[in-house]
Amino acid sequence: MEAQRVAYGYCDMCNQVPKCGMKLHLKGDRIVRVEDRENYPAGPLCVKGLAILEEQYHPDRLLYPLKRTTPKGSPDPGWTRISWDEAYATIAAKLNAVKAKYGPEKVGFFVGDPKEPRPAVQRLAYTFGSPNYGTESSLCSRATVMASQLTFGLVTGGGRPTKETGTCLIWTRNLANTAPFEMERLQRAKKQGLKLVVVDPRITATVQQVADLHLRLRPGTDGALALGMIRLMVKEGLFDRDFASRWTSGLPELIKYAEEFTPEEVERITGVPPQRVAEAVRLLAAHRPVSWIGSASATVHSSNGLQNHRAILCLMALTGDFDVPGGLTIPTHPLPLDMFGGNAEFTRERDLFPKLREKRIDKDRFPVWARFNSEIQMNPLPEYVEEGRIKAMVLFGANAMMWPQSALYQEAIGKLEFAVAADYFLRPWTHDFVDMVLPAAMALERMNPIAIFGRKIYLREPVVPPLGEAKPDWVIAFEMGSHLGHGKEFWDGDETQALNSILRSVGLTVEDLRKGGAEGVTVPAPGPEVFRKYETGLLRADGKPGFATPSGKVELASQILKEYGFDPLPRYREPVESPLSTPELAREFPLVLNSGARVLMFTHSKLRELPSLRKLMPFAVVNLHPDDASAQGIRQNDEVDLESPHGRIRLKANITDQVLAGVVDVSHGWADANVNEIVGRYFDPISGFPAFKEGLCRVRKAGGSS
Ligand SMILES: Nc1nc2c(c(=O)[nH]1)N[C@H]1C(S)=C(S)[C@@H](COP(=O)(O)OP(=O)(O)OC[C@H]3O[C@@H](n4cnc5c(=O)[nH]c(N)nc54)[C@H](O)[C@@H]3O)O[C@H]1N2
Ligand SMILES: Nc1nc2c(c(=O)[nH]1)N[C@H]1C(S)=C(S)[C@@H](COP(=O)(O)OP(=O)(O)OC[C@H]3O[C@@H](n4cnc5c(=O)[nH]c(N)nc54)[C@H](O)[C@@H]3O)O[C@H]1N2
Ligand SMILES: [Mo]
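None of the values given here were measured: they were computed from a predicted structure. (Residues numbered from 1 in each chain as written. Chains lettered and ligands numbered in written order. Predicted model: local features only at pLDDT ≥ 70, side-chain atom pairs only at ≥ 80, totals over all residues. Heavy atoms only, no water.)

## Re the overall build of the protein
- Helix and strand counts for the protein come out as 28 helices and 25 strands.
- A globule of 706 residues ought to have a C-alpha radius of gyration of about 27 Å, and the protein, at 25 Å, matches this closely.
- Taking contacts inside the protein between residues at least 6 apart in sequence as the whole, the part at least 24 apart equals 72%.
- In the form shown here, the protein has an accessible surface area of approximately 26,500 Å², with 52% of it arising from carbon and sulfur atoms.
- Treating the 87 positive side-chain charges of the protein as one cloud and the 85 negative ones as another, the clouds have centres 2 Å apart. (Helix = DSSP H or I, 4+ residues; strand = E, 2+ residues; numbered from the N terminus. Rg over C-alpha atoms; globule rule 2.2 N^0.38 Å. Contact = heavy atoms within 4.5 Å. Areas by Shrake-Rupley, 256 points an atom, 1.4 Å probe, with all protein chains shown as cover. Lys, Arg positive; Asp, Glu negative; His and termini not counted. Charge placed at Lys NZ, Arg CZ, Asp CG, Glu CD.)

## Overview of the site of ligand 1
- Taken together, the neighbourhood of ligand 1 is formed by 31 residues, with T172, D200, D222, R598 and F602 sitting nearest.
- For ligand 1, a nitrogen atom lies 2.5 Å from a polar atom in the side chain of D222.
- A distance of 2.6 Å is found between a nitrogen atom of ligand 1 and a backbone nitrogen or oxygen belonging to F602.
- Burial of ligand 1 by the protein amounts to 99% of the accessible area it has alone, namely 910 Å².
- Considering only residue class, the shell around ligand 1 consists of 11 nonpolar, 12 polar and 8 charged. (Near = heavy atom within 4 Å. Polar contact = N/O pair within 3.5 Å; in protein donor to acceptor, adjacent residues only side chain to side chain. Nonpolar A, V, L, I, M, F, W, Y, C, P; charged D, E, K, R; others polar.)

## Quick look at the site of ligand 2
- Ligand 2 sits among 31 residues. The nearest are N399, D423, R427, S605 and N676.
- Within the side chain of D473, one N or O atom sits 2.8 Å away from a nitrogen atom of ligand 2.
- Contacts to ligand 2 include S605, whose side-chain N or O atom sits 2.5 Å from an oxygen atom.
- In the shell around ligand 2, the residues fall into 9 nonpolar, 13 polar and 9 charged.

## Here we look at the side chain of N174
- Position of N174 relative to the elements: it lies in the loop between β8 (167–171) and α6 (175–178).
- Classification of N174 by relative accessible area gives buried; the value is 11%.
- Beyond its immediate sequence surroundings of up to four residues, N174 is in contact with R202, T204, A205 and T206. (Buried < 20%, exposed > 50% of the residue type's maximum accessible area, 1.4 Å probe, protein only.)

## Side note on helix α13 (residues 274–286)
- Relative to the 18 Å expected for 13 residues at 1.5 Å per residue, α13 spans 18 Å between its end C-alpha atoms, a close match to the ideal helical length.
- Those residues of α13 hidden inside the fold are in contact with β8, β9 (195–199), β10 (213–215), α9 (222–235), α12 (263–270) and β12 (290–293). (Expected span 1.5 Å × (residues − 1).)

## Some points on the sheet that holds strand β16 (residues 448–453)
- Read from one edge of the open sheet, 3 strands run β16-β17-β18, paired in antiparallel fashion. Of all strands in the sheet, those bounded by a partner on one side alone are β16 and β18 (521–522).
- Sheet topology places β16 next to strand β17 (residues 456–460); 4 bridges connect them, and they run antiparallel. Residue pairing for β17: A451 is matched across the bridge by Y458. (Pairing = 2+ DSSP bridges.)

## Focus on α9
- Helix length check: α9, at 14 residues, gives a terminal C-alpha distance of 20 Å against a target of 20 Å (1.5 Å per residue), a fit within 8%.
- In terms of residue burial, α9 counts as a mostly covered element, since 13 of its 14 residues are buried.
- Looking one or two residues beyond α9, the residue adopting positive phi is G237, at roughly 65°.

## Some details on the packing of α9 against helix α14 (residues 305–319)
- Following both chains from N to C, one finds α9 and α14 inclined at 25°, their axes separated by 7 Å at the closest point. Here α14 runs roughly parallel to α9, going by the angle between their axes. By crossing handedness, the relation of α9 to α14 is classed as left-handed. Residues D222, G223, A226, L227, M229, I230 and M233 of α9 lie in contact with α14, whose contacting residues are N308, A311, I312, C314, L315, L318 and T319.
- Across the contact of α9 with α14, the residue classes break down as 10 nonpolar, 3 polar and 1 charged. (Axes fitted to C-alpha atoms, helices over the stretch in contact; angles between N-to-C directions. Parallel < 35°, antiparallel > 145°, perpendicular 65-115°, else oblique. Left-handed = near helix turned anticlockwise from the far one by under 90°.)

## Regarding unusual backbone geometry
- Between G43 and P44 the backbone carries a cis peptide bond, its omega angle lying at 0°.
- The linkage connecting R288 with the following residue, P289, adopts the cis geometry, with an omega of -5°.
- In this structure, D323 is a non-glycine residue whose phi angle is positive, near 55°.
- Residue placement: D323 occurs in the loop between α14 and α15 (344–347).
- Look at L607: it is not a glycine, yet its phi comes out positive at around 75°.
- Note that L607 resides in the loop between β20 (591–595) and α27 (611–614).

## Looking at the pairing of strand β2 (residues 21–27)
- Most of β2 is tucked away: 6 of the 7 residues are buried.
- Pairing analysis gives 7 bridges linking strand β1 (residues 4–10) to β2, with the strands arranged antiparallel. Within β2, the residue paired with Y8 across the bridge is K23.
- In terms of strand pairing, β2 meets strand β3 (residues 30–36) through 6 bridges, oriented antiparallel. Following the sheet pairing, L26 is matched in β3 by I31.
- Taking the residues that link successive antiparallel strands as the turn, the β2-β3 hairpin has 2 residues, and the phi of G28 there is positive, at about 60°.

## What about the nonpolar core?
- Residues I31, L593, L624, L642, L651 and V664 are the most contacted members of the largest nonpolar core, which totals 91 residues.
- Not counting residues within four places of it along the chain, the set of residues in contact with L651 comprises A620, V621, V622, D638, E639, V640, L642, V666 and A673.
- Core analysis: the second largest hydrophobic core is formed by 70 residues, L215, I230, L328 and L556 among them. (Core = buried A, V, L, I, M, F, W, Y, C linked by side-chain atoms within 4.5 Å.)

## Considerations on the pairing of strand β15 (residues 436–439)
- Alternating positions in β15 separate into two faces, M436 and L438 on one and V437 and P439 on the other, with burial throughout.
- Pairing of strand β4 (residues 66–67) with β15 involves 2 bridges; the strand directions are antiparallel. In the sheet register, L66 faces β15, and the bridge partner there is V437.
- For strand β14 (residues 418–423) and β15, the ladder comprises 4 bridges, and the chain directions are parallel. The residue of β15 that forms the bridge with V420 is M436.

## Notes on the sheet that holds β20
- Taking strand neighbours around the barrel as the criterion, the 6 strands line up as β20-β24-β21-β23-β22-β25 in a closed arrangement whose pairing is mixed. Taking each pair of neighbouring strands and ignoring which way they run, the sheet shows an average axis angle of 45°.

## Description of empty space enclosed by the protein
- Overall, the coordinates contain 2 cavities of 30 Å³ or more when judged by the stated rule.
- As a volume, the largest cavity reaches approximately 70 Å³.
- Around the largest cavity sit E577, L593, S644, H646, I678, V679, G680, Y682, A691, E694, G695 and L696, which together line it.
- In this structure, the second largest cavity occupies an estimated 40 Å³ of space. (1 Å grid on protein atoms, 1.4 Å probe; cavity = no way out; pocket = protein on both sides within 12 Å on 5 of 7 lines; lining within 4 Å. Points joined across faces, edges and corners; volume = space filled by probe spheres on them.)

## Focus on the layout of surface pockets
- Considered as a void within the structure, the second largest pocket measures approximately 470 Å³ in volume.
- If you trace the second largest pocket, you find 25 residues lining it, with N177, R202, V599, N623 and D665 closest to the centre.
- The set of elements that each furnish at least two residues to the lining of the second largest pocket consists of α8 (205–210), β21 (621–624) and β24 (663–666).
- Residue composition of the lining of the second largest pocket, grouped by class: 13 nonpolar, 9 polar and 3 charged.

Next comes the structure, spelled out in structure tokens:
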């Protein structure tokens, strides 16, 4: 009998960082069992993690490089296996031809939701000579980051409550589905007296498990709710006057503007009753300090998302609990590494990118975005291709279904002179439009960027060799770089040397981490954690007290937004389509279309091929309030047509009072019922983010006349 052994790895089933730990039992080179990893900062595993072997050993995995043999647009790409040598030779020839004919900036580099390929692909783009590297972050979390940079001059999305925290304001996260391992911590804190306020249109599992107070707003109206809360805080003297007068700018203007958001007006816009708003404001004031778990993306998936999110940040600033123990704290000594395990030297953001940035293709459309992000804003991809600004693309883990009006993105990719994609599986909705597909090694088969938890870091080494001819994304990016003539810049494909170059910034090597073993290595902090860093100059490069904004204060009114012609205040605007902004359209399409709330068992378009997970949710549904269902004579599991001014899809009805009456909820990523076919292309003018969470629709029994 073959002996069993144990190895340690980590999960990548939800594409997020940092990842949950895994303890793996192996027979030879085959993993036979998965369980939680002891003493690891993230875990326990959720249903997705427990299904990882179904993904790892799935019969449909992509195992060899493939090239298409029929012209683009043919119903069947005629995929044919090729060698890696042929793949690289073709990629190098095609990309170098585009470079010679049009310039290197005409090649776009893109990484979807997977996080680990990013530092390597960014390095590849800049080394090749193109600034036009972008990721899924240009519609995920980066707008919340920008709102924070504009308001606080630093990056924060909030954080976990601590033992000092009085109230935790969860402004839209459904952690029970998207980071289930956080729930136990919150439940424990709640038992010890922590109060929790959750803002979410739906009654989520998070609301049910931990909320003391739940504010159910109409999607896309977050700004109005936050401004109404600000008005009340001011009126009742429940804000920190001392902090606000010393450390914020724009307070009188904000107070004046917030006057418009009377309880009646807030109810008219958001649907939240005045009494609830008042209760929330009083709860926050009575149980201080207030900590905040900010939205990952839902608040900024709106045509006014950046300003709505800024309104929430202004509210947090007025609590006065910025960077106090138990409040909205900022780490004093972060490691000089980005959350994906790279750094600006490695990605070449520091030396090469500044020389290339003039050629970035987004700077005219979204200048504020371009000011804050090296990644380009990718949402106008169809326009970039139409205008001849991108001629070829290198795609890692890309999914055309993630964008509104997905067909435009498929067409755009199909029109490129050359496109190559690396993925785990052949995904026809994206790959039917490219020239070549490369097999990416999965999480348990690859050396990866290190995992970072505060100051503790872990080396992540392969547990088993890749199946077939799959290769790690980093190796693919490095080998592409070598074939493009930059072998030296890519350590001739050696990942260990690459990681060593990154680890140098924290005084470590791969060998040191290997010695740390399963326990990881803690890089000691140079000093203690300190609070109220704005008082002592620790938030600014020049060492002066204050914030790293143009005024040196928390900018309730943003000077940078003003400079670019936008409203400096967190101005509320109605969604482009809504019952209030387009009442006529709302007569025809009376329901609000809310899309993309995460389900526990899937990650976006991923994992639907895994039998144990698919059994948990076999088909796409539209979640409908009983009143909206009965108005159309719709019963549970009926086939229905969901229609917006932009398209129509068919799915099944799930009738539930967990959604608001008048708002439907549909999850994204279903190839046969892609909600993005009916989401309109309205982009926030500051961030460039799509309005996934608003818009109008109607629902009818399938087959009815329309
Ligand atoms: N299982 C699983 N986990 C995931 C993912 C996944 O696909 N599957 N995706 C990952 C990614 S990339 C992301 S960005 C995160 C997202 O993580 P979360 O933000 O925690 O999850 P979501 O379900 O996107 O959104 C949270 C809530 O926003 C609410 N909401 C919808 N519209 C609005 C609105 O206009 N205003 C307000 N205030 N709330 C609104 C929804 O009802 C939903 O309950 O999850 C990550 N984790
Ligand atoms: N309507 C609507 N649309 C949305 C959203 C919404 O809320 N509503 N949310 C938006 C958000 S926040 C996000 S983050 C995006 C989702 O972002 P997407 O990028 O669309 O996410 P996935 O569907 O996970 O697609 C990732 C692809 O990468 C492949 N892959 C996974 N891991 C790896 C890897 O390590 N290496 C390689 N090479 N490939 C890999 C997968 O097989 C899959 O084909 O969707 C956005 N679209
Ligand atoms: Mo996301």
